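The lines below spell out each chain.
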Amino acid sequence: MYRYDAYDQRFLEERVAQYRDQVRRRLAGQLSEEEFKPLRLMNGLYLQLHAYMLRVAIPYGTLAPEQMRMLAHVARRYDRGWGHFTTRTNCQFNWIKLEETPDILADLATVQLHAIQTSGNSFRNTTADPWAGAAADEIEDPRPYCEIIRQWSTLHPEFSFLPRKFKIAVSAAKAADRAAVKVHDIGLYIVRNEAGEVGFEVLVGGGLGRTPVIGATLRDFLPKRHLLSYLEAILRVYNQHGRRDNLYKSRIKILVQHLGIARMREAVEAEWAAMDNAALALSDETIADFARHFAPPDLPPAAEADAAFEAVLAGNKQFARWVEHNTARHKVPGHAIVTLSLKPYGRPPGDCTAEQMDLVADLADEYSQGEIRLTHEQNIVLPHVRRSDLWALWHRLEPAGLGTSNIGLVTDIIACPGLDYCSLATARSIPIAERLSRHLAAREDEIGELKIKISGCINACGHHHVGHIGILGVDKNGEEFYQITLGGSADQDAALGAIIGPAVSSAEVTNAIDQLIEVYLSQRAAGERFNDTYRRIGAAPFKAALYAARPAREPAYAA
Amino acid sequence: MLLEAGEFRADRWRHLGDDEALADGETVTVSHARWLRERAALIGRNAALGLRLPNDVSPVTLGEDIHRFALIVLNFPRFTDGRAYSQARLLRGRLGYRGSLRAAGNVLRDQLLFMRRCGFDAFEVGERAVAENWLAAFDEVDVFFQPAEDQLPWVLRQRRAVA
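Bear in mind that the values here come from a model prediction, so they are computed numbers and not experimental data.

## So, the overall build of chain A
And step 1. Regarding its fold elements, chain A presents 18 helices and 21 strands.
And step 2. Since a compact globule built from 559 residues should have a radius of gyration of about 24 Å, the 23 Å found for chain A is in line with a globular shape.
And step 3. Each principal axis of the C-alpha distribution contributes one length, and for chain A these read about 60 × 60 × 55 Å.
And step 4. Classification of the 559 residues of chain A by burial places 53% in the buried group.
And step 5. Taking the intrachain contacts of chain A between residues at least 6 apart in sequence as the baseline, contacts between residues at least 24 apart amount to 66%.

Here you go:
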């Protein structure tokens with residue numbers, strides 16, 4: 001893991017002091033709310049429906065146990081005893097007092113955590129493959145590059161007032177994208193070129209929100225040493241030419257759509273050629289300095305399973321289910337990548353109590369080389385667990401409500417906070433997720449891999465566009481309706497879901513999803529996942545099942 | 001009022017409207033439109049000249065002419081509109097502009113350090129800047145993670161220099 005040096009720590013402490021003074025000036029009336037807003041947003045503080053919400057950055061989703069314990073402390077001391085992990089792998093606290101925020105940030109700074117740029121129109125938290133350093137299919141660990149990007153993008157003097165927010169994701173496993181790279185403002189795949197050199201494929205202009213777009217390739221191969229200068233060239237083009245007249249047309253994807261990818265490429269390459277890219281060049285030594293922080297743990301290879309493990313698996317069906325769904329192959333034989341589900345049946349996705357956080361920290365120390373990861377699907381990963389420890393680990397998870405065996409299944413739902421918390425939302429998300437989860441739990445093994453994603457408004461924080469089944473809450477004359485999309489994906493086969501038809505009422509959502517799943521189950525060929533079947537047979541059978549029994553006009557069933 | 005060279009001072013420049021007459025020897029700034037229209041006459045004058053460059057004109061289009069200006073004024077129509085940061089960096093870093101570079105418009109305390117890092121050396125501020133001691137804003141953070149136009153050391157290079 002990256003450990004701060006004296007520069008990083010000094011910076012963070014200066015930043016906390018700066019923010020403390022900003023809050024003092026706000027409370028003293030020297031700053032208007034309008035002037036204070038961008039300052040608090042630069043420190044991740046939102047004003048929500050009921051209270052301030054603080055969004056703590058978890059850079060590329062990597063946490064050390066003492067950092068997780070600090071999140072637990074913040075949850076207990078300053079909030080109501082829990083936090084919420086988001087699709088940007090951040091941690092949100094929903095019941096925060098403005099005057100306490102400088103103390104919270106000071107507490108976080110003692111364990112090298114902060115809330116810098118988790119909001120505002122600048123760089124947001126850079127995300128990465130949660131299996132980084134543990135997966136067998138990656139070319140190189142993406143985290144050193146994420147950390148390099150994190151530092152460069154921190155209080156960047158030129159790019160702190162961009163037209164709109166800016167999100168970067170990095171993955172080193174293009175064939176199995178676990179970082180949703182193609183729906184980011186800039187997506188970076190670590191790739192190898194024909195000469196065997198490692199560098200980046202650079203994608204630009206992906207994103208969700210009101211105008212969902214799959215990112216396009218801007219450059220097939222960028223040598224590592226030019227990572228920062230090339231990013232700076234893209235951002236300079238965007239900062240000058242991105243639209244600022246309309247909040248909803250301001251993301252870089254709109255600029256790319258307007259110019260077309262060819263002209264965008266021309267503009268970026270021209271800027272890159274004209275700039276002094278030596279100033280930002282990354283030497284091999286500098287990259288190695290960062291890589292050393294992420295040196296792989298010393299894991300002795302072992303057998304994938306021995307007779308004792310097989311016997312336990314055979315003797316306990318629940319444990320066997322958990323191993324099947326929540327563990328994945330580690331690059332070192334005899335080890336596993338373990339996902340702890342934050343999707344207990346019938347509960348809000350992504351919520352985590354202080355007690356659970358403390359337990360995860362302890363378990364990471366005991367079983368996972370002191371490493372914790374967060375996923376954009378709102379779960380927690382212990383990346384380096386010995387397979388022979390799985391049984392003991394599982395026994396600790398079950399009583400804490402962290403042992404749900406549903407990773408990738410239909411109850412592993414992503415949902416935004418929705419109208420229960422968010423001032424932008426037009427409908428609730430959490431109750432829909434809870435109802436679906438409770439209802440579908442009994443059949444999830446039969447249904448298999450199926451990703452449901454729910455957003456409470458068209459800003460799409462719940463990533464509904466890339467759900468196999470996407471659900472978008474909309475307001476119709478003061479009543480919550482839900483629009484359903486099918487066939488989306490955030491992975492290597494990234495695709496945007498297509499709207500199946502008129503929205504359904506809140507009361508009908510569960511029934512509607514049931515009907516769609518019935519079509520899949522009755523039509524699927526052997527081995528087909530939901531999206532495979534949908535892509536083969538098209539929308540018509542789903543549409544027929546969903547709307548055959550329903551009147552064509554929405555208001556009819558709003559009654 | 002102007003914040004410049006570590007102090008608050010009065011603005012000695014006159015910012016000429018497009019229809020206002022030019023007086024001999026007076027230091028004035030002109031709009032970009034007027035510059036394009038009256039370039040020859042403006043070059044011929046025997047007085048320092050300043051340019052007010054709009055946010056949608058790239059400084060690169062000025063070419064070598066930038067060296068004719070003693071002052072370039074860039075605008076922040078709202079403090080959230082960050083185009084002038086890139087314009088400033090292009091003027092300083094790309095084009096080698098050495099005259100004064102001034103931030104005008106919605107200039108607020110907590111953006112001053114960003115502005116200076118991008119190459120601004122003068123800031124049009126309101127009366128409150130004195131009472132609230134905006135000068136202190138330049139010293140709040142002294143660890144930087146990017147090279148910029150202030151030529152201050154940045155962390156990635158500082159680390160290797162120590163190693």
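## Section: the overall build of chain B
And step 1. In terms of helices and strands, chain B carries five helices and eight strands.
And step 2. For chain B, the spread of C-alpha atoms along the three principal axes comes to 55 × 35 × 25 Å.
And step 3. For chain B, the residues scored as buried account for 37% of the 163 residues in total.
And step 4. Within chain B, counting contacts between residues at least 6 apart in sequence, those at least 24 apart form 47% of the total.

## Here we look at the sheet that holds strand E8 (residues 122-124) of chain B
Residue and element names in this part refer to chain B.
And step 1. Strand order in the open sheet made by the eight strands is E2-E1-E8-E7-E6-E5-E4-E3, with mixed pairing throughout. Strand pairing shows two members of the sheet lacking a second neighbour, strand E2 (7-9) and strand E3 (14-15), which therefore form its edges.
And step 2. The pairing of strand E4 (residues 28-31) with strand E5 (residues 49-53) spans four bridges and is classified as parallel. Paired with Ser-31 across the bridge in E5 is Arg-52.
And step 3. Helix H1 (residues 32-44) rests against E4 and E5 of the sheet, and its axis sits at about 120° to E4.

## Observations concerning the interface of chain A and chain B
And step 1. Between chain A and chain B, the contact holds 32 residues from the first and 29 residues from the second.
And step 2. The leading source of residues in the side of chain A that touches chain B is helix H1 (residues 6-27) of chain A, at seven residues.

## Describing the environment of Ser-341 of chain A
All names here are of chain A.
And step 1. Structurally, Ser-341 can be placed in the loop between strand E12 (335-340) and strand E13 (351-353).
And step 2. Separated by 70 residues in sequence, Ser-341 and Thr-411 have C-alpha atoms that sit 10 Å apart.
And step 3. Setting aside residues up to four positions removed in sequence, Ser-341 forms contacts with Asn-326, Asn-379, Leu-402, Thr-404, Asn-406, Ile-407 and Asp-412.

## Concerning the nonpolar core
If you look at soluble globular proteins, the nonpolar side chains tend to sit buried side by side.
Residues and elements named next belong to chain A.
And step 1. Ranked by internal contacts, the top residues of the largest apolar core, which has 195 residues, are Ile-234 and Val-360.
And step 2. Counting residues per element, this core draws most heavily on helix H6 (residues 227-241), at nine residues.
And step 3. Once you skip the residues sitting within four places of it in the chain, Val-360 turns out to touch Met-68, Leu-340, Ile-372 and Ile-380.

## A short note on the pairing of E4 of chain B
All names here are of chain B.
And step 1. In terms of strand pairing, E3 meets E4 through two bridges, oriented parallel. The residue of E4 that forms the bridge with Arg-14 is Val-28.
And step 2. You can see the chain leave E4, run along H1 and come back into E5, and the turn it takes is right-handed.

## Here's the deal with the packing of helix H3 (residues 65-78) of chain A against helix H4 (residues 101-109) of chain A
Residue and element names in this part refer to chain A.
And step 1. Running from N to C, H3 and H4 cross one another at 160°; their axes reach a closest spacing of 10 Å. Relative to H4, the element H3 is oriented roughly antiparallel. Crossing angle aside, the handedness with which H3 passes H4 is right-handed. Contact with H3, carried on its side by Met-70, His-73, Val-74 and Tyr-78, involves Ile-104, Asp-107 and Leu-108 of H4 and no other residues of that element.
And step 2. Tallied by class, the residues present in the contact of H3 with H4 amount to five nonpolar, one polar and one charged.

## Overview of the sheet that holds strand E3 (residues 62-63) of chain A
To summarise the sheet geometry, strands pair through backbone hydrogen bonds and adopt either a parallel or an antiparallel arrangement.
All names here are of chain A.
And step 1. Across the sheet, five strands lie side by side as E3-E14-E15-E12-E11; this open sheet has antiparallel pairing. Two strands close off the open sheet at either side, each with one partner strand: E3 and strand E11 (327-329).
And step 2. Bridging between E12 and strand E15 (residues 380-386) involves five bridges; their strand directions are antiparallel. Paired with His-335 across the strands is Arg-386, a residue of E15.

## What to know about the confidence of the model for chain B
And step 1. This prediction gives chain B a mean pLDDT of 95; 99% of its residues lie at or above 70.
And step 2. Scored as a complex, the prediction yields pTM 0.95 and ipTM 0.97.

## A short note on H1 of chain B
And step 1. With 13 residues, H1 of chain B should reach 18 Å at 1.5 Å per residue; the first-to-last C-alpha distance of 17 Å fits that figure.
And step 2. By the largest-angle criterion, Glu-38 of chain B marks the main kink of H1 of chain B, which is about 90°.

## Let's talk about unusual backbone geometry
Residue and element names in this part refer to chain A.
And step 1. Positive phi outside glycine occurs at Gln-117, with the angle close to 60°.
And step 2. Residue position: Gln-117 is located in the loop between H4 and strand E6 (127-128).
And step 3. The exposure class assigned to Gln-117 is buried, which follows from the 25 C-beta atoms found within 10 Å.
And step 4. If you check the backbone angles, Asn-477 has positive phi at about 50° while not being a glycine.
And step 5. With respect to the helices and strands, Asn-477 occurs in the loop between strand E18 (469-476) and strand E19 (479-486).

## Side note on the domain arrangement of chain A
All names here are of chain A.
And step 1. Each domain of chain A was delimited in the assignment, giving domain 1 (6-109), domain 2 (134-293), domain 3 (307-400) and domain 4 (414-557).
And step 2. Between the C-alpha centres of domain 2 and domain 3 there is a distance of 33 Å.
And step 3. Between domain 2 and domain 3, the residue contacts involve five residues of the former and seven residues of the latter.
And step 4. Broken down by class, the residue content of the side of domain 2 that touches domain 3 amounts to five nonpolar, no polar and no charged.

## A few points about the environment of Gly-199 of chain A
All names here are of chain A.
And step 1. Relative to the helices and strands, Gly-199 resides in strand E9 (residues 198-204).
And step 2. On the basis of neighbour count, Gly-199 is assigned to the buried category, with 23 C-beta atoms found within 10 Å.
And step 3. Between the C-alpha atoms of Gly-199 and Phe-221, which are 22 residues apart in sequence, the distance is 6.1 Å.
And step 4. Beyond its immediate chain neighbours, meaning those up to four positions away, Gly-199 contacts Val-191, Asn-193, Phe-221, Leu-222, Pro-223 and Lys-224.

## Here we look at the confidence of the model for chain A
Low pLDDT marks regions whose predicted coordinates should not be analysed in detail.
And step 1. On average, residues of chain A score 95 in pLDDT, and 98% of them are at 70 or above.
And step 2. Counting contacts from residues 553-559 of chain A, a segment whose pLDDT is below 50, to residues more than four positions away or on other chains yields 11 contacts.

## Quick notes on helix H13 (residues 390-397) of chain A
And step 1. Along H13 of chain A, the residues that are buried comprise Leu-390, Leu-393, Trp-394 and Leu-397 of chain A. Taken down its axis, H13 of chain A places every buried residue within 100° of arc, on the same side.

## Re the environment of Trp-394 of chain A
Residue and element names in this part refer to chain A.
And step 1. Along the polypeptide, Trp-394 turns up in helix H13.
And step 2. Looking at Trp-394, the number of C-beta atoms within 10 Å reads 21, which means it is buried.
And step 3. If sequence neighbours within four positions are ignored, Trp-394 has contacts with Phe-319, Trp-322 and Gly-403.

Analysis parameters
Residues numbered from 1 in each chain as written. Chains lettered and ligands numbered in written order. Predicted model: local features only at pLDDT ≥ 70, side-chain atom pairs only at ≥ 80, totals over all residues. Helix = DSSP H or I, 4+ residues; strand = E, 2+ residues; numbered from the N terminus. Rg over C-alpha atoms; globule rule 2.2 N^0.38 Å. Buried ≥ 20, exposed ≤ 12 C-beta atoms within 10 Å, placed from the backbone. Contact = placed C-beta atoms within 7 Å. Pairing = 2+ DSSP bridges. Axes fitted to C-alpha atoms, helices over the stretch in contact; angles between N-to-C directions. Core = buried A, V, L, I, M, F, W, Y, C linked by C-beta atoms within 7 Å. Right-handed = clockwise from strand over helix to strand, strands pointing away. Parallel < 35°, antiparallel > 145°, perpendicular 65-115°, else oblique. Left-handed = near helix turned anticlockwise from the far one by under 90°. Nonpolar A, V, L, I, M, F, W, Y, C, P; charged D, E, K, R; others polar. pLDDT = per-residue confidence, 0-100. Expected span 1.5 Å × (residues − 1). Bend = angle between axes of the 7 residues up to and from the residue. Domains from an automatic or database assignment. Arc of directions from axis to C-beta.

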